[in-house]
Amino acid sequence: MNQVKYNSIFYAVIFIFLFSCQKKEKSYLETIAINDVKLSDPQPGSWRYSHDEKFQQFEDFQKSKKIKPEPGKNIIYLQPVGNFNALQQKEIQLTKEYLNAYYQLETKILPALPNSIIDKTAKRISREGHEQVLASYVLDNILIKRKPKDGVVLMGITERDLYPRPEWNYVFGFASYEDGVGVTSLYRFANGNLTESNFNESLLRLIKISSHEIGHMFGISHCLHANCVMNGTNSLSEADFHFARACSLCQQKLNSSIHYDPKKRLSQLKQFFEKQHLNTELSRTEADLNVLK
């Protein structure tokens, strides 16, 4: 064998060896998993302490019956119900922008419906002395009947407090996952009085609860994997503790149904958090972007 041919074979073998030893390039989800924050042990009063839920693996999610966006039925609609002041209207508009970025689906706001559309039998006075609306009435008698044909999800937003059943004090959100409709209230997020000083606090709570409820409509169960927007919550303090960020497992589930560009999504979320000075959530989004570089 001549030297040239020998050298060619030698370098070819070395190339194949080095190539075979290279680590497989990590996927987007494997990469951002480094930023998942492990859940601490459940404390008395927390959602996980009082609810024994089954861990939904990705395989469980794939087998579950769920709503998926499809051509001609892929728009998220928001339906305001009530009389909203300028600050509340701004909060709803920003929630629309956020959901557009978070789900990478077109999101639209429908014209507001008056409180008079809610029958008096679906109203009560709370223990604190303010009017509340029965959440199931909003779903069954208002939203399901008005869901647009091209809507994959219809999310109602009220300025009145909600209660789910007579024995319950209140609820942040309520949804019919099979019908793809849900409702949440601005009331508790701002302690009944939205102002410039508590606007960002209320907005962050609204975008968390809205994206959480819509996540359920898309088939994602309460997250038991990491600190995540899909964690269950029993209180405002618990909701505040949970991230607006979806963990890597919940993003895997979401991205399997909505085939978005992860980097584009992160960039748009970063822009939203920057614009609203939601710095903690901004830092988490930047951390995900940084590990992708």
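What you are looking at is a predicted structure, and each value in this text was computed from that prediction instead of being measured.

Participant: Which parts of the structure should I look at to understand the state of the cysteines?
Facilitator: Chemically, a disulfide is nothing more than a covalent bond linking the sulfur atoms of two cysteines. Tallied over the entire structure, the rule returns zero disulfides. Not part of a disulfide, Cys250 finds its nearest cysteine sulfur in Cys228, a span of 3.8 Å. Judged by its relative accessible area of 2%, Cys250 is buried.

Participant: Where do I start with the sheet that holds strand β5 (residues 151–158) in this structure?
Facilitator: By definition, the strands of a sheet pair up through backbone hydrogen bonds, in either a parallel or an antiparallel sense. Pairing is mixed in the open sheet, where five strands are placed in the order β2-β1-β5-β8-β7. Every other strand in the sheet has two partners, leaving β2 (107–109) and β7 (173–176) as the edge strands with one partner each. Across this sheet, the average inter-strand angle for adjacent strands is 20 degrees, counted without regard to direction. Taken together, the four bridges between β7 and strand β8 (residues 181–185) define a ladder with antiparallel strand orientation. Considered in β8, the bridge of Gly173 is made with Thr184.

Participant: How do you make sense of the sheet that holds strand β4 (residues 131–134) when you look at a structure like this?
Facilitator: Strand order across the open sheet formed by three strands is β3-β4-β6, with mixed pairing between neighbours. Edge positions in the sheet fall to β3 (123–125) and β6 (161–163), since each of these pairs with one other strand and no more. The sheet shows a mean angle of 40 degrees between the axes of neighbouring strands, direction not considered. Bridge count for β4 against β6 is three bridges, and the pairing is parallel. Each bridged residue has a counterpart across the sheet, and for Gln132 the counterpart in β6 is Asp161. Lying on the sheet, helix α6 (residues 135–146) is in contact with β4 and β6; it crosses β4 at an angle near 50 degrees.

Participant: Teacher, can you tell me more about the pairing of β8 here?
Facilitator: Each regular strand displays side chains that alternate between the two surfaces of the sheet. Across the five residues that make up β8, a large majority, five, are buried. Strand direction decides the pairing type here: β5 and β8, joined by five bridges, are parallel. By the bridge assignment, Leu154 is partnered in β8 with Val181. Adjacent in sequence and paired antiparallel, β7 and β8 are bridged by four residues, among which Gly180 carries a positive phi angle near 70 degrees.

Participant: Teacher, can you tell me more about helix α7 (residues 199–217) here?
Facilitator: The periodicity of an α-helix, 3.6 residues per turn, causes residues three or four places apart in sequence to face the same way. Its 19 residues give α7 an end-to-end C-alpha distance of 27 Å, which sits within 8% of 27 Å, the value for a rise of 1.5 Å per residue. Taking burial as the measure, the 19 residues of α7 include 17 buried ones, the bulk of the element. With its phi angle positive at about 95 degrees, Gly219 sits one or two positions after the end of α7.

Participant: Would you mind going over the packing of aromatic side chains with me for this structure?
Facilitator: Any pair of aromatic rings gets described here by the distance separating the centres and the angle formed by the planes. Overall, the coordinates contain nine aromatic pairs when judged by the stated rule. Relative to Phe273, the ring of Tyr98 has its centre 5.9 Å away and its plane inclined at 50 degrees; by these criteria the two rings are tilted. With Tyr98 in helix α5 (residues 86–103) and Phe273 in helix α10 (residues 262–276), this pair connects stretches of sequence that are 175 residues apart. An identical accessibility class is assigned to Tyr98 and Phe273; each is buried. When the ring of Tyr103 is compared with that of Phe218, the centres are 5.5 Å apart and the planes differ by 70 degrees; the resulting orientation is edge-to-face. Separated by 115 residues along the polypeptide, Tyr103 in helix α5 and Phe218 in the loop between α7 and α8 (236–241) bring together distant segments of the chain.

Participant: Any chance you could explain the side chain of Gln88 here in plain terms?
Facilitator: Looking at where Gln88 falls in the secondary structure, it is placed in helix α5. Not counting the four nearest positions on each side in its chain, Gln88 is found in contact with Asn83, Glu159, Leu186 and Leu194.

Conventions adopted
- Residues numbered from 1 in each chain as written.
- Predicted model: local features only at pLDDT ≥ 70, side-chain atom pairs only at ≥ 80, totals over all residues.
- Heavy atoms only, no water.
- Disulfide = S-S within 2.5 Å.
- Buried < 20%, exposed > 50% of the residue type's maximum accessible area, 1.4 Å probe, protein only.
- Pairing = 2+ DSSP bridges.
- Helix = DSSP H or I, 4+ residues; strand = E, 2+ residues; numbered from the N terminus.
- Axes fitted to C-alpha atoms, helices over the stretch in contact; angles between N-to-C directions.
- Contact = heavy atoms within 4.5 Å.
- Expected span 1.5 Å × (residues − 1).
- Phe/Tyr/Trp six-rings, centres within 6.5 Å; stacked < 30°, edge-to-face > 60°.

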